[in-house]
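Okay, here's what each chain looks like letter by letter:
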Amino acid sequence: YHQMAALQELLYKIERHIPHSEIKNTAVSEGSVGWHIAHSLLTIRVVVDALAQSNPKAYKWRFNWKRSFLFAVQKIPKGKIKAPKAVRPTNDLNPQSLMQQWQLTMEKIDSLKQLSPGHFFQHPFLGLIKLKPAQKFLVIHTRHHLNIIEAILQP
């Protein structure tokens with residue numbers, strides 16, 4: 001459960017940056033603060049939906065060194081991976097839209113409580129990831145983008 005508390009805490013930190021959604025710093029990232037917020041929120045919603053739709057009986061464990069590495073270091077190497085199309089924001093990045101996306105995401109993570117540990121999702125680089133490690137992934141991923149947001153906002 002502590003992963004969910006950590007994820008919610010990160011989301012509250014992200015919410016505080018919504019008013020700065022227009023700010024960009026290309027020395028740090030091509031994406032604006034709003035893009036990183038929208039991407040983080042979209043990733044959470046896509047993962048939660050995939051977990052909910054999965055059939056736990058269909059899970060097949062396979063070793064994946066990238067997944068093992070990510071969970072060991074709990075960091076995503078910056079600038080090494082391009083966001084898959086499914087989690088690239090295309091919608092409006094204005095504060096009102098981001099606030100709606102944020103609220104939707106907060107409601108969505110609540111639905112994780114209804115899932116069994118066997119639910120999983122397919123990550124494009126890390127393979128199949130079950131519920132508990134998926135929650136850990138979302139914390140690592142959200143923290144990664146929050147760090148980028150904070151770097152963009154550095155004076």
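See above for the structure.
Please read these numbers as outputs of a predicted model, since none were measured by experiment.

Reading the values: rules and limits
Residues numbered from 1 in each chain as written. Predicted model: local features only at pLDDT ≥ 70, side-chain atom pairs only at ≥ 80, totals over all residues. Heavy atoms only, no water. Buried < 20%, exposed > 50% of the residue type's maximum accessible area, 1.4 Å probe, protein only. Helix = DSSP H or I, 4+ residues; strand = E, 2+ residues; numbered from the N terminus. Arc of directions from axis to C-beta. Contact = heavy atoms within 4.5 Å. Polar contact = N/O pair within 3.5 Å; in protein donor to acceptor, adjacent residues only side chain to side chain. Patch = residues over 30% accessible without salt bridge, like charges linked within 9 Å, V, L, I, M, F, W, Y side chains within 5 Å. Areas by Shrake-Rupley, 256 points an atom, 1.4 Å probe, with all protein chains shown as cover. Salt bridge = Lys/Arg side-chain N within 4 Å of Asp/Glu carboxyl O. Lys, Arg positive; Asp, Glu negative; His and termini not counted. Charge placed at Lys NZ, Arg CZ, Asp CG, Glu CD.

Engineer: Could you clarify how one ought to interpret helix α3 (residues 65-73) in this entry?
Structural biologist: Residues that lie three or four places apart on an α-helix share one face, since the helix turns once every 3.6 residues. If you check which residues of α3 are buried, you get Arg67, Leu70 and Phe71. The arc that holds every buried residue of α3, seen down its axis, measures 90 degrees, which confines them to one face. In this structure, α3 carries Trp65 and Ala72 as exposed residues pointing more than 90 degrees from its buried face. Check the buried side of α3 and you find it contacts β2 (127-130) and α5 (131-152). If you check the start of α3, you find a side-chain oxygen 2.9 Å away from the backbone N of Lys66, and it comes from Asn64. Looking at the residues trailing α3, positive phi occurs at Gln74, about 55 degrees.

Engineer: Explain a positive patch on the surface to me, please; I cannot follow it from the model alone.
Structural biologist: Among the surface-exposed residues, Lys13, Arg16, Lys75 and Arg143 lie close enough to one another that they form a single positively charged patch. Of the residues examined, Lys75 reaches a relative accessible area of 58% and is grouped as exposed.

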